[in-house]
Number of protein chains: 2
Amino acid sequence: MGLENGSITIGVIGGGQLARMMVPPAIHLGLRISVLAEAEGSSAARAADAVGDYRDAATVHAFADTVDVITFDHEHVPSFILRELEERGVQVHPRPDALQYAQDKILMREKLEELGVPVPDWAAVADEAELQSFLDAHGGRGVVKTARGGYDGKGVRVVSSAVEAQDWFTALDEDGHGGRLLVEELVDFTRELSQLVARRPSGEMRTWPVVETIQRDGVCAEVLAPAPVQNPATLEEAARIGTAVAEGVGVTGVLAVEMFEAADGRVLVNELAMRPHNSGHFSIEGSVTSQFEQHLRAVADLPLGDTTMTAPAAVMVNVLGGPAEGPMPVRYAEALAAHPRAKFHSYDKQPRPGRKVGHVTVTGDDLAEVRAQAVAAAAVFD
Amino acid sequence: MGLENGSITIGVIGGGQLARMMVPPAIHLGLRISVLAEAEGSSAARAADAVGDYRDAATVHAFADTVDVITFDHEHVPSFILRELEERGVQVHPRPDALQYAQDKILMREKLEELGVPVPDWAAVADEAELQSFLDAHGGRGVVKTARGGYDGKGVRVVSSAVEAQDWFTALDEDGHGGRLLVEELVDFTRELSQLVARRPSGEMRTWPVVETIQRDGVCAEVLAPAPVQNPATLEEAARIGTAVAEGVGVTGVLAVEMFEAADGRVLVNELAMRPHNSGHFSIEGSVTSQFEQHLRAVADLPLGDTTMTAPAAVMVNVLGGPAEGPMPVRYAEALAAHPRAKFHSYDKQPRPGRKVGHVTVTGDDLAEVRAQAVAAAAVFD
C-alpha cells in the first residue's frame, strides 16, 4: 500500500518544531519529507537534508529541485523567491498569492475587509502624526504591529502615545521601502479563539472544532479544545469566518485564523497563519487526523482526513524554556512518572527563557479535569 | 523540556516496520533513534544510520558503540553477540537471558512449564520416530515447529505423519548442532488472544487490554481490541499469564504473549515475542500510550505511560502486498478519500504476495462497525 512506486517528497522550508512534528505522520502515510533547516542542530534536524538560508534564492531553488512540493515551517520566505519557483513549475503550497496575507499584516487586513470578514478597526500609518490621530479617535490607546516579521508577541506593542512607536518608524525610514505600521483598536475581549482549516488545491476543506487560546506575555500558553464558549452562535460565526478566509485567500494546507470573542459579542479576526499552528497541537492526540497529517495530505493533494475529536476534551499546554532547576532528564522522568496520561512532546531545543521547547497534551472527558492535568504536567518544567 | 542535555540514543537492530514505527514516538519524546538495517531501502531507512549484517559480531559491536542502549526490530541476533555486548557494559533490552526464550521455542516451552504457565502438550523431538510417537499419543496429528528462526507462519507445519517433517530433520542433521524440533498438540480453540505487557528494568509493568488476533494462512490478518470474549475469567487469566511470563522471564521492553482460548475453556500460551508486535499496532491510535512509545520508554528506563484505550473499540487490519491492480498511489488516494476516519500506515515496502506492507486502524464506539470500516479500508489494496 502507499506511495512506494512514485512516493511524494515534501520539502519543508524551516527546521523548527512544526517541521519536526510533520515527520511522524509522514512516516505513517508513506510520504517522504525533506527539510531545509536554518542551521545544524535544528528541531527538525533528523529530517534535514539541507541547511541554508531561506532568504537566498539559489539555496531555495536548489532545495526545490530535490522535492515534489514545497511547504513551510514559517512564513518568512521572501515572496519573490516563491514566485520564481512557481514560474519554474515548482508546486508551492500555500501558494505565494495566498501566503502574502500571512506575510504582511496590512495586506491581510485589506483582504479581510474585501472579503467582508469582521476585523478590529485598523489603519496603516506612515508616521507618528497618523498614528496619534488613530489613537485619539480610539480612546487614546491602540495596538501597533509591524506589518512583517512578527511572531509570538514580537512586533506587537500596546501604546497610548505615538511616540512609543518612534523606533519602529525610524527603522522603516532606514529600510528605505517607505513602509507603514498597522494600528488597531484595543479590543475588549472575553477570550481568544482559533479556527483551524485545511484546504486542498482542489478546494476540499476540513475544519477542526473551534478552540480557545490563552496567551501569556503575547505567547500562546494553553489551548482548550473545544472552546468552552456558551453561545453556539459564536462558534458558528468563528467557523464561518475560518472557511470564508480559507476560500477567500485560496490557501492550501493548514490555515489558522486567530480571533477575538469581543465583550460586545462580535467575533473579530486577529491574525492568520498559513501552516500548522500552536493552536492545533492538541490535534495530534485530540483529533482523528492531526493538523500535521492534514497539512501533508493537503499540500500533497491527497484526500483529507476526518477531524472529529477523539475525546470530549483536549488541552495543550506549552512548555517554555526557563532557568532549569535540576537536570532536565531528571525532571523529565519525574514528569513522565507523575503524569502517565499526559503526552509529552519535546522539540529537542536548548532551553532559553520564554522559548517554546515542548508541549504537553491531555485528552479526556472533562475539560476542567483535563486542563488541570495538562497544567500540572507542564509545570514540572517551570 | 526533554532530554536535550544528555539525550538517550536508542539503537535498534533491524530495519523493518517495527523499527520504522518507533521513530514517531522517539521524535515526540525527544529520544534519538538509530537503526542497524539489513539493507539500503529498508522500511526504517529514514532512521538507518548503519547498514550491515546483524549476525556479524564486529558490525553489531561497532553499532553499539554509537548508541546508549540496544533493542530490536526482530529476535534473530545471535545470543553470543548480545552476551558479548553485555560483558562490554552495553545496555541491551530485552537482555539476552530473557530474549533466548523468544529465540528458541523449546527453551520457551521449558521455561513456561517451570513458571507453571499453561501450554499445549508438547515435546522436543530429535527424529521421526519420536515425532510419530507424540502424534500417535495425540490423535495422530500435531503442530511441528522449528525451534529457531520462524515468523509469520514460517517454520510451523500441521502434520498427520512424521514423514511430513523429514526435510526439517534432515536440515537439523546437516546443521550439525543436533537440534530438535518442537511438536505440540493441535489445540481446538475458540479464538486466539494476545496480551501485550511492557516492563522496565526496574520491574515496573503496564499491560494493554487483551486483544483477539485473527490469522489467515498463519499470518496475522486482523486484531480486535478489546477481545470480544464473553467470559471475564478468560481475560483475567490471559492478563495473569501475560504478567507472569513478563516477570518470569525478566523481559524489558514490550512482550507479546500469544494465547489460545481453547474450546474447553483453558487459556494456553502459543508464542512469545519480545518487541513491539503486530497484535499491538492498534495501540498507535487506540491507546493513550502506544506499544512503540512504551517500548522506547521501557528500554530507556523511563517511566511507563498509561495504556487505557482511547475509544471503546479499535480494529487493525493488515495490508498484505499482492498483485496490484492499478497504480498504488491511485488506489491509496481512493482509500483515503473513501475512509476519512481510517488511519493508514505504510511500511514503504515493495509489494510482494503475502508481504505485510502496511496496516489500517479504525477506532470508535462499536466493535462490529469499527471492524467493518477497517476491513473495507484495507480491502482497497486487495
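These numbers were taken from a predicted model, which means no experiment stands behind them. (Residues numbered from 1 in each chain as written. Chains lettered and ligands numbered in written order. Predicted model: local features only at pLDDT ≥ 70, side-chain atom pairs only at ≥ 80, totals over all residues. Heavy atoms only, no water.)

Caption draft 1: The packing of aromatic side chains, seen in detail. Residues and elements named next belong to chain A. With the rule as written, the count across this model stands at eight aromatic pairs over all chains. Seen in terms of ring centroids, Tyr332 and Phe381 are 6.2 Å apart; in terms of plane orientation they differ by 45°. Their pairing is tilted. Taken as a pair, Tyr332 in helix H11 (residues 328-338) and Phe381 in the segment after helix H12 (367-379) lie far apart in primary sequence, 49 residues in all. Phe381 shares its class with Tyr332; the two are buried. Connected via pairs of aromatic rings, a cluster forms that spans Tyr332, Phe344 and Phe381. Lying across the ring of Trp168, Arg157 places its NZ or CZ 4.1 Å from the centre. (Phe/Tyr/Trp six-rings, centres within 6.5 Å; stacked < 30°, edge-to-face > 60°. Helix = DSSP H or I, 4+ residues; strand = E, 2+ residues; numbered from the N terminus. Buried < 20%, exposed > 50% of the residue type's maximum accessible area, 1.4 Å probe, protein only. Lys NZ or Arg CZ within 6 Å of the ring centre and 35° of its normal.)

Caption draft 2: Main features of the interface of chain A and chain B. Counting residues at the interface gives 52 residues for chain A, matched by 52 residues for chain B. When the two sides are added together, the surface that chain A and chain B hide from each other amounts to roughly 4800 Å², 56% of it contributed by carbon and sulfur. Put simply, chain A and chain B have six salt bridges between them. Across the salt bridge formed by Lys343 of chain B and Glu293 of chain A, the nearest N and O atoms sit 3.0 Å from each other. Counting across the chain A and chain B interface gives 18 residue pairs in polar contact (both at pLDDT 80 or more). Looking at the side of chain A that touches chain B, the elements that each hand over two or more residues are helix H1 (17-29), strand E2 (32-37), helix H10 (291-299), H11, strand E17 (343-346) and strand E18 (355-364) of chain A. Ranked by residue count, the leading element in the side of chain A that touches chain B is H1 of chain A, at seven residues. Tallied by class, residues from the side of chain A that touches chain B come to 26 nonpolar, 13 polar and 13 charged. (Contact = heavy atoms within 4.5 Å. Buried area = accessible area lost by both parts, 1.4 Å probe. Salt bridge = Lys/Arg side-chain N within 4 Å of Asp/Glu carboxyl O. Polar contact = N/O pair within 3.5 Å; in protein donor to acceptor, adjacent residues only side chain to side chain. Nonpolar A, V, L, I, M, F, W, Y, C, P; charged D, E, K, R; others polar.)

Caption draft 3: Spotlight on the sheet that holds strand E9 (residues 181-184) of chain B. All names here are of chain B. Spatially, the four strands line up as an open sheet ordered E6-E9-E7-E8, and their pairing is antiparallel. The open sheet has two free edges, formed respectively by strand E6 (122-125) and strand E8 (156-159), since each of these has just one partner strand. Each strand of the sheet is rotated relative to its neighbour by a mean of 25°, with strand direction disregarded. The pairing of strand E7 (residues 142-146) with E8 spans four bridges and is classified as antiparallel. (Pairing = 2+ DSSP bridges. Axes fitted to C-alpha atoms, helices over the stretch in contact; angles between N-to-C directions.)

Caption draft 4: Expanded view of the pattern of salt bridges. Overall, the coordinates contain 54 salt bridges over all chains when judged by the stated rule. We note a salt bridge from Asp264 of chain B to Arg266 of chain B, for which the minimum N-O separation is 3.0 Å. Looking at Arg266 of chain B, the relative accessible area reads 36%, which means it is partly exposed. Look at the salt bridges and you will find they share partners, linking Lys105, Arg109, Lys145, Glu184 and Glu271 of chain A into a network.

Caption draft 5: Looking closely at the domain arrangement of chain A. Segmentation of chain A into domains returns domain 1 (9-92), domain 2 (121-184) and domain 3 (189-379). Taking only C-alpha atoms into account, the centre of domain 1 of chain A sits 32 Å from that of domain 2 of chain A. (Domains from an automatic or database assignment.)

Caption draft 6: A look at helix H12 (residues 367-379) of chain B. All names here are of chain B. Between its first and last C-alpha, H12 extends 18 Å over 13 residues, near the 18 Å set by a 1.5 Å rise per residue. Every buried residue of H12 is accounted for by Val370, Ala374, Ala377 and Ala378. In an axial view of H12, the angular spread of the buried residues amounts to 95°, which keeps them on one side of the axis. (Expected span 1.5 Å × (residues − 1). Arc of directions from axis to C-beta.)

Caption draft 7: The arrangement of the pairing of strand E13 (residues 219-225) of chain B in detail. All names here are of chain B. Counting buried positions along E13 yields seven of seven residues, so the element is predominantly enclosed. Both strand E12 (residues 211-216) and E13 contribute to a ladder of five bridges, which runs antiparallel. Residue Ile214 lies in a different strand from E13, and its bridge partner there is Glu222. Counted along the chain from E12 to the antiparallel partner E13, the turn is two residues long, and its residue Asp217 has a positive phi close to 55°. Looking at chain direction, E13 and strand E16 (residues 313-321) are connected through four bridges and run antiparallel. Across the sheet, Glu222 pairs through a bridge with Val317, a residue of E16.

Caption draft 8: Quick look at the relation of the copies chain A and chain B. Expressed as a screw operation, the relation of chain A to chain B combines 0.0 Å of axial shift with a rotation of 180°, fitting to an RMSD of 0.0 Å. Accordingly, the operation relating the two chain copies is best matched by a two-fold axis. Residue Pro24 of chain A, judged by its C-alpha, is the member of chain A lying nearest the rotation axis, at 2.2 Å. Interface overlap between copies: 100% of the residues of chain A at the interface are likewise at the interface in chain B, consistent with a symmetric, same-surface contact. (Least-squares fit on C-alpha atoms with pLDDT ≥ 70 in both.)

Caption draft 9: Representation of the environment of Ala263 of chain A within the structure. All names here are of chain A. Looking at the secondary structure, you find Ala263 in the loop between strand E14 (253-262) and strand E15 (267-273). Along the backbone, Ala263 and Glu204 are 59 residues apart, and their C-alpha atoms lie at a distance of 34 Å. When neighbours within four sequence positions are excluded, Ala263 is seen to be in contact with Asp188, Phe189 and Thr190.

Caption draft 10: Molecular detail of the packing of helix H3 (residues 79-87) of chain B against helix H4 (residues 96-103) of chain B. Residues and elements named next belong to chain B. The geometry of H3 relative to H4 is characterised by a closest axis approach of 10 Å and an angle of 170° between their N-to-C directions. Here H3 lies roughly antiparallel to H4, going by the angle between them. Residues Ser79, Leu82, Arg83 and Glu86 of H3 form the contact with H4, whose participating residues are Pro96, Asp97, Leu99, Gln100 and Gln103. Residue classes in the contact of H3 with H4 are distributed as three nonpolar, three polar and three charged. (Parallel < 35°, antiparallel > 145°, perpendicular 65-115°, else oblique.)

Caption draft 11: Seen up close, helix H10 (residues 291-299) of chain B. Residue and element names in this part refer to chain B. Taken across its nine residues, H10 has nine buried, putting it largely inside the fold. Every buried residue of H10 is accounted for by Gln291, Phe292, Glu293, Gln294, His295, Leu296, Arg297, Ala298 and Val299. With a side-chain oxygen lying 3.2 Å from the backbone nitrogen of Phe292, the N-terminal cap of H10 falls on Ser290. Where H10 terminates, the next one or two residues include Asp301, which has phi positive at roughly 55°.

Caption draft 12: View of the environment of Val125 of chain B. All names here are of chain B. On the secondary structure map, Val125 appears in strand E6. Using a relative accessible area of 2% as the deciding quantity, one classes Val125 as buried. Linking Val125 and Val257, residues 132 residues apart in sequence, is a C-alpha distance of 24 Å. In this structure, Val125 is in contact with Glu130, Leu131, Phe169, Arg180, Leu181 and Val183, ignoring residues within four places of it in sequence.

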